[in-house]
Amino acid sequence: MKEVAIKIENLDYCYPGNVVALKNINITIYKNEIVGLIGQNGAGKTTLLKNLLGLLKPTKGKVSIEGTDTSKLNVAQLAARQGFVLQNPDRQLFADTVEKEIAFGPQNLGLTEAEVQSRVEEAMEAVSVTKFREEYPLSLSKGDRAKVVIASVLAMKPQIIILDEPTTGQDYLGCLQVMQIVKELHKRGHTVIIVTHHMPLVAEYAERTIVLCKGEILLDGSTREVFARPEILEKTFITPPQITQLAQRLEKKMGITSKVLSVEEMGEAILYAIGSDRIKDM
Ligand code: ADP
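For clarity, every value in this text was computed on a predicted model and none was experimentally measured.

Details of the environment of Ala228
Stage number 1. Considering the arrangement of structural elements, one finds Ala228 in the loop between α8 (223–227) and α9 (230–233).
Stage number 2. The class of Ala228 is partly exposed, set by a relative accessible area of 22%.
Stage number 3. Considering only alpha carbons, one finds Ala228 and Lys2, 226 residues apart in sequence, at a separation of 26 Å.

Some thoughts on the sheet that holds strand β10 (residues 216–222)
Stage number 1. Strand order across the open sheet formed by six strands is β6-β7-β8-β3-β9-β10, with mixed pairing between neighbours. Two strands lie at the open edges of the sheet, namely β6 (82–85) and β10, each paired on one side alone. The sheet shows a mean angle of 15° between the axes of neighbouring strands, direction not considered.
Stage number 2. As paired elements, strand β3 (residues 34–38) and strand β8 (residues 191–195) share four bridges and run parallel to each other. Residue Val35 lies in a different strand from β8, and its bridge partner there is Ile193.
Stage number 3. The strands that helix α1 (residues 45–52) touches are β3, β6, β7 (160–164), β8 and β9 (208–213); relative to β3, the one it contacts most, it runs at about 135°.
Stage number 4. Those strands touched by helix α6 (residues 172–187) are β3, β7 and β8, and its axis lies near 150° from that of β8.

Regarding the sheet that holds strand β1 (residues 4–15)
Two modes of strand pairing occur in sheets, parallel and antiparallel, and in both the strands are linked by backbone hydrogen bonds.
Stage number 1. Judged by pairing direction, the sheet is antiparallel, and its four strands sit side by side in the order β2-β1-β4-β5 without closing on themselves. Pairing within the sheet leaves two strands with one partner each, and these edge strands are β2 (19–30) and β5 (68–69).
Stage number 2. Here β1 runs beside strand β4 (residues 60–65); their pairing, made up of five bridges, is antiparallel. Note that in β4 the partner of Ile6 across the bridge is Ile65.
Stage number 3. On top of the sheet, α1 reaches β1, β2 and β4; it is set at about 120° to β1, its chief contact.

As for helix α10 (residues 242–254)
Stage number 1. End to end, α10 covers 17 Å across 13 residues, agreeing with the expected 18 Å (1.5 Å per residue, within 8%).
Stage number 2. On its buried side, α10 packs onto α8, α9 and α11 (263–273).
Stage number 3. Looking one or two residues past α10, Gly255 carries a phi angle of roughly 70°, positive in sign.

Quick look at the pattern of salt bridges
Stage number 1. By the definition in use, this model includes 20 salt bridges.
Stage number 2. Across the pair Glu66 and Lys31 runs a salt bridge, and its minimum N-O distance is 3.9 Å. Note that Glu66 is positioned in the loop between β4 and β5 and Lys31 in the loop between β2 and β3, a separation of 35 residues in sequence.
Stage number 3. Accessibility expressed as a relative area gives 29% for Glu66, which makes it partly exposed.
Stage number 4. Accessibility expressed as a relative area gives 28% for Lys31, which makes it partly exposed.
Stage number 5. Here Lys187 makes a salt bridge to Glu184, at a shortest N to O gap of 3.8 Å.

Describing the packing of helix α3 (residues 98–108) against helix α4 (residues 113–126)
Stage number 1. Relative orientation of the contacting elements α3 and α4 amounts to 125°, with a least axis distance of 9 Å. Taken as axis vectors, α3 and α4 run oblique relative to one another. Crossing of α3 over α4 shows right-handed handedness. Of the residues in α4, those in contact with Val98, Glu99, Ile102, Ala103, Pro106 and Gln107 of α3 are Glu113, Val116, Gln117, Arg119, Val120, Glu121, Ala123 and Met124.
Stage number 2. Tallied by class, residues from the contact of α3 with α4 come to eight nonpolar, two polar and four charged.

Here is what the cut-offs are and how they apply
Residues numbered from 1 in each chain as written. Predicted model: local features only at pLDDT ≥ 70, side-chain atom pairs only at ≥ 80, totals over all residues. Heavy atoms only, no water. Helix = DSSP H or I, 4+ residues; strand = E, 2+ residues; numbered from the N terminus. Buried < 20%, exposed > 50% of the residue type's maximum accessible area, 1.4 Å probe, protein only. Pairing = 2+ DSSP bridges. Axes fitted to C-alpha atoms, helices over the stretch in contact; angles between N-to-C directions. Contact = heavy atoms within 4.5 Å. Expected span 1.5 Å × (residues − 1). Salt bridge = Lys/Arg side-chain N within 4 Å of Asp/Glu carboxyl O. Parallel < 35°, antiparallel > 145°, perpendicular 65-115°, else oblique. Left-handed = near helix turned anticlockwise from the far one by under 90°. Nonpolar A, V, L, I, M, F, W, Y, C, P; charged D, E, K, R; others polar.

Put into structure tokens, the structure is as follows:
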């Protein structure tokens, strides 16, 4: 049976002034899922993350992390279960070497020096920044700075990792590096939530996608099924990746499946439509 990582039940959140930011949110996220959280600006994504992290308390309903109600956990206990990578990782960097940066969190957990060191080595290794251990974090490339922040989160050994717009401001190589790490985290058994406006990235990496619109869940399902509903996505001004849109337009003309998420799948779908038997299941 699948283990539950996060359970959100009947969650409402109102900001002062009666601004309703979340309405009746019900989500169960299972261990080792990669979930894309999408929606236009103001949809409620940040408010939802802050409720997960215990930075905001639900106005109504409850959030449980690994079976424990977040209202019973303090911020440090929540941080041990969930790591958070901010939209601008530079705001999470402050130490004068990469090694000290990554050691900071574990040192505050009151671990022995040997345990701190072992976590630092493991985290640096996981994202390939060991060679930068003596470097000043802010002097590294943007992609490497993001890696250092992810290492500092990993050193806390959280099961759940939440990334807010991890590729914003990254060049192509930086994006690839960050997403390669996300894949690696998934392989290691972590649960990963990615908030992003970058639909091709959702299509490629998230197995499940949750769409928020005006504080409510508009769609929640496999990424393939979610992107197959362009008429609903429109309500929150989301368009599927270009390759999916192309397939959706060609569906009637060529009889190809519209549930295409990548260029490779498009090739397979066209081959199938023209009668080739070189097709994988979709
Ligand atoms: P997103 O992250 O999807 O852009 P947010 O969670 O930031 O959405 O915002 C959801 C809603 O809550 C919006 O209507 C926004 O204006 C409102 N909101 C966000 N932060 C505050 C705040 N501190 N005070 C009042 N309203 C807020």
